[in-house]
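Examination of the molecular architecture
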Amino acid sequence: VMGIKLLLGRNVRFVTSNLRSDFEGSFDVAGTPRDPLIAGEIETKNGQIRFPSSNARITEGRIRFNVARDPGSDVIRSSAEIDATARGQAGRYQITLGLHGPLDFGSNNIQNLRVDVSSNPPLSQDEAFAQLTGTSLRDLGSGSGDLSGSKVNQAYAGAVLSLISAPLFAGIERSLE
């Protein structure tokens, strides 16, 4: 049985092809190697996200997470509560992207993850999202007129997470497995 507390100091940097960030935080590891229980929180105030058409600087971010074996499927699952903001420059537009809410990476349940997109000078949310990420609702398989507000939000959340978070946490789950 494990009982470990890990502290991340100031010089911890995470780098993938789409994300580079310095992290601080802590997490507890309990349970057994077969049935791990991992819970913690990490914070960043400095990082960069690389989208296909531009980059964004992470101005603040906090992720609270849990990792455990799902008794129903007998698979390691991770879940997270995200509160993060990034700002990028696309041409003459400064675009702010916020991710707020819960996310269960194992079931791809993104319904409650809120994506906020704004720009200066003002653009529509879809235009601002497309300027920053290189992806619009049309690229996601539906015109913006075909989707309700919650479906638009889900499309944005899915696009952002497929670029950044899903590969990250899927890799962690595979490593733990």
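Conventions and cut-offs
- Residues numbered from 1 in each chain as written.
- Predicted model: local features only at pLDDT ≥ 70, side-chain atom pairs only at ≥ 80, totals over all residues.
- Heavy atoms only, no water.
- Helix = DSSP H or I, 4+ residues; strand = E, 2+ residues; numbered from the N terminus.
- Buried < 20%, exposed > 50% of the residue type's maximum accessible area, 1.4 Å probe, protein only.
- Contact = heavy atoms within 4.5 Å.
- Areas by Shrake-Rupley, 256 points an atom, 1.4 Å probe, with all protein chains shown as cover.
- Salt bridge = Lys/Arg side-chain N within 4 Å of Asp/Glu carboxyl O.
- Pairing = 2+ DSSP bridges.
- Core = buried A, V, L, I, M, F, W, Y, C linked by side-chain atoms within 4.5 Å.
- Arc of directions from axis to C-beta.

A word on the overall build of the protein. Along the backbone of the protein there are three helices and seven strands. Each helix and strand of the protein, ordered N terminal to C terminal, gives the series β-β-β-β-β-β-β-α-α-α. Among the 177 residues that make up the protein, the fraction classed as buried is 39%. Summarising the internal contacts of the protein: among those between residues at least 6 apart in sequence, 45% fall at separations of at least 24. Total accessible area on the protein stands at roughly 9600 Å², and carbon and sulfur atoms take up 49% of it.

By the definition in use, this model includes ten salt bridges. Put simply, Arg 62 and Glu 41 hold a salt bridge, and the shortest N to O gap is 3.4 Å. Taken as a pair, Arg 62 in strand β4 (residues 55-70) and Glu 41 in strand β3 (residues 36-50) lie far apart in primary sequence, 21 residues in all. When the shortest N-O distance is used, the salt bridge between Arg 69 and Asp 74 registers 3.7 Å. Classification of Arg 69 by relative accessible area gives buried; the value is 14%. One network of salt bridges, with partners in common, ties together Glu 41, Glu 43, Lys 45, Arg 62 and Arg 64.

Let's shift gears to unusual backbone geometry. Here the amide bond leading from Asn 120 into Pro 121 is cis, since omega sits at -5°, within 30 degrees of zero. Note on placement: Pro 121 falls in the loop between β7 (114-120) and α1 (125-133).

As paired elements, β4 and strand β5 (residues 75-90) share 14 bridges and run antiparallel to each other. Of the residues in β5, the one forming a bridge with Ile 58 is Ala 86. Joining the antiparallel neighbours β4 and β5 is a turn of four residues, in which Asp 74 adopts a positive phi near 60°.

Moving on, we get to the environment of Ile 4. For Ile 4, the position within the fold is in strand β1 (residues 2-15). When its relative accessible area of 39% is taken as the criterion, Ile 4 is described as partly exposed. Placed 24 residues apart in sequence, Ile 4 and Asp 28 show a C-alpha to C-alpha distance of 5.7 Å. Non-local contacts of Ile 4, meaning those with residues more than four positions away in its chain, are made with Phe 27, Asp 28 and Val 29.

One ladder, built from eleven bridges, connects β1 with strand β2 (residues 19-31); its direction is antiparallel. In the strand pairing of β2, Leu 8 is matched with Gly 25. A loop of three residues connects β1 with β2, the two strands running antiparallel in sequence. Pairing between β2 and β3: twelve bridges, direction antiparallel. Across the sheet, the residue bridging to Glu 24 is Glu 43, located in β3.

All right, on to the nonpolar core then. Looking at soluble globular proteins, one finds that nonpolar side chains tend to be buried together. Counting residues in each nonpolar core, the largest one holds 35 residues, and the members touching the most others are Phe 65, Ile 95, Leu 97, Val 115, Val 117 and Phe 129. Within the residue set of this core, elements represented by two or more residues are β2, β3, β4, β5, β6 (93-104), β7, α1 and α2 (149-163). When residues in this core are grouped by element, the largest group, six residues, is from α2.

Three or more residues of α1 are buried, namely Asp 126, Ala 128, Phe 129, Leu 132 and Thr 133. In an axial view of α1, the angular spread of the buried residues amounts to 165°, which keeps them on one side of the axis. Gly 134 occupies a position one or two residues after α1 and carries a positive phi of about 80°.

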